[in-house]
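Fold and contact review
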Amino acid sequence: QKQMCSFSFYFELYLGKKLFMITDNLSKKLQSTQISAVDSKKCAELVIKTLQDMRNQEQFDKFYRELCETAKKLSIKEPQLSRKRKKPDYITLQHYFDIVIDSQQSTAEPYHPTDVSEEYRILFYHALDNIISAIRERFTQPSFETYGKLEELLLHGARGDVYSPGIQEIKKLYADEIDVTYV
């Protein structure tokens, strides 16, 4: 219970709520039976844009100010700067970004934030970067691209339109199953 009353726990909870509010809309849209692959990708791009727009000092300052005000109302102790820790042999400055580098390749000293808000800004940016990366990865897979092109082919065919973008790729992938002369 003591940890649940800590500022770091409240920060994570508050940030999680803010990020889930944004990404939950995408999740609901993607679960709709009426959404196409092209539309789902557009929705994902809008969410990515929203998250990227949050990744700046002004937005962090606003978030942090709101966080501190609500934490104070809830009688949560003010945040304290984490103590400096000895650098492990296998991690350098990039440990905030999930990159492990052999200590013999780098002689850089570990980075220690100079104030509490800077420490939380790093965590804020890290969370945004992870979510943006995960959404991008989901919608840039080769199979998703192919699915989108097939969907466009079917939609254009149903309307009687001529479809030319991506037809060569579809022809290569499905040469035995689709006769493109009728498309």
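Sequence order as written defines residue numbering, which begins from 1 separately in each chain. Local features in this predicted model are restricted to residues whose pLDDT is 70 or higher, and side-chain atom pairs enter the listing and the counts only when it is 80 or higher, whereas totals over whole chains, interfaces and linings include all residues. Side-chain metrics in this entry use all non-hydrogen atoms of the structure; hydrogen atoms and water are not considered.

**Here's the deal with the nonpolar core**
Basically, it comes down to this: To define a nonpolar core, start from buried Ala, Val, Leu, Ile, Met, Phe, Trp, Tyr and Cys residues and group those joined through side-chain atoms within 4.5 Å. The buried label applies to any residue whose accessible area, calculated with a 1.4 Å probe on protein chains only, is under 20% of its type's maximum; exposed applies above 50%, and partly exposed to all values in between. In this analysis, two residues are considered to be in contact whenever any of their non-hydrogen atoms come within 4.5 Å of each other.
Residues Phe7, Phe11, Leu51, Phe124 and Ile135 are the most contacted members of the largest nonpolar core, which totals 30 residues. When sequence neighbours within four positions are dropped, the list of residues in contact with Leu51 reads Leu19, Ile22, Leu128, Ile131, Ile132 and Ile135.

**So, the confidence of the model for the protein**
Applicable threshold: A score from 0 to 100, pLDDT tells how confident the predictor is in each residue. For helices the rule is a DSSP run of H or I covering at least 4 residues; for strands it is a run of E covering at least 2, with both sets numbered from the N terminus onward.
For the protein, mean pLDDT is 79; residues scoring 70 or higher make up 73% of the total. Averaged over each element, pLDDT in the protein is lowest for helix α6 (residues 167–173) (70) and highest for helix α3 (residues 57–73) (95).

**Topic: the packing of aromatic side chains**
Heads up, the rule is: A pair of aromatic rings is counted whenever rings of Phe, Tyr or Trp (Trp by its six-membered ring) have centres within 6.5 Å, and the orientation is called stacked for planes under 30 degrees apart, edge-to-face for over 60 and tilted otherwise. Both a distance and an angle decide whether a charge sits over a ring: NZ of Lys or CZ of Arg must be within 6 Å of the ring centre and within 35 degrees of the ring normal.
Scanning the model with the defined rule gives 12 aromatic pairs in all. Summarising the aromatic geometry, the rings of Tyr10 and Tyr14 are spaced 5.7 Å apart at their centres and angled 40° between planes, so their arrangement reads as tilted. Of the two residues, Tyr10 and Tyr14 both sit in helix α1 (residues 7–30), 4 residues apart, roughly one turn of that helix. Relative to Tyr125, the ring of Phe124 has its centre 6.1 Å away and its plane inclined at 50°; by these criteria the two rings are tilted. For the pair formed by Phe124 and Tyr125, the shared burial category is buried. Grouping aromatic residues by their ring pairs yields a cluster made of Phe7, Tyr10, Phe11, Tyr14, Phe60, Phe63, Tyr64, Tyr120, Phe124 and Tyr125. Between Arg55 and the ring centre of Tyr125, over which it is positioned, the NZ or CZ distance is 4.3 Å.

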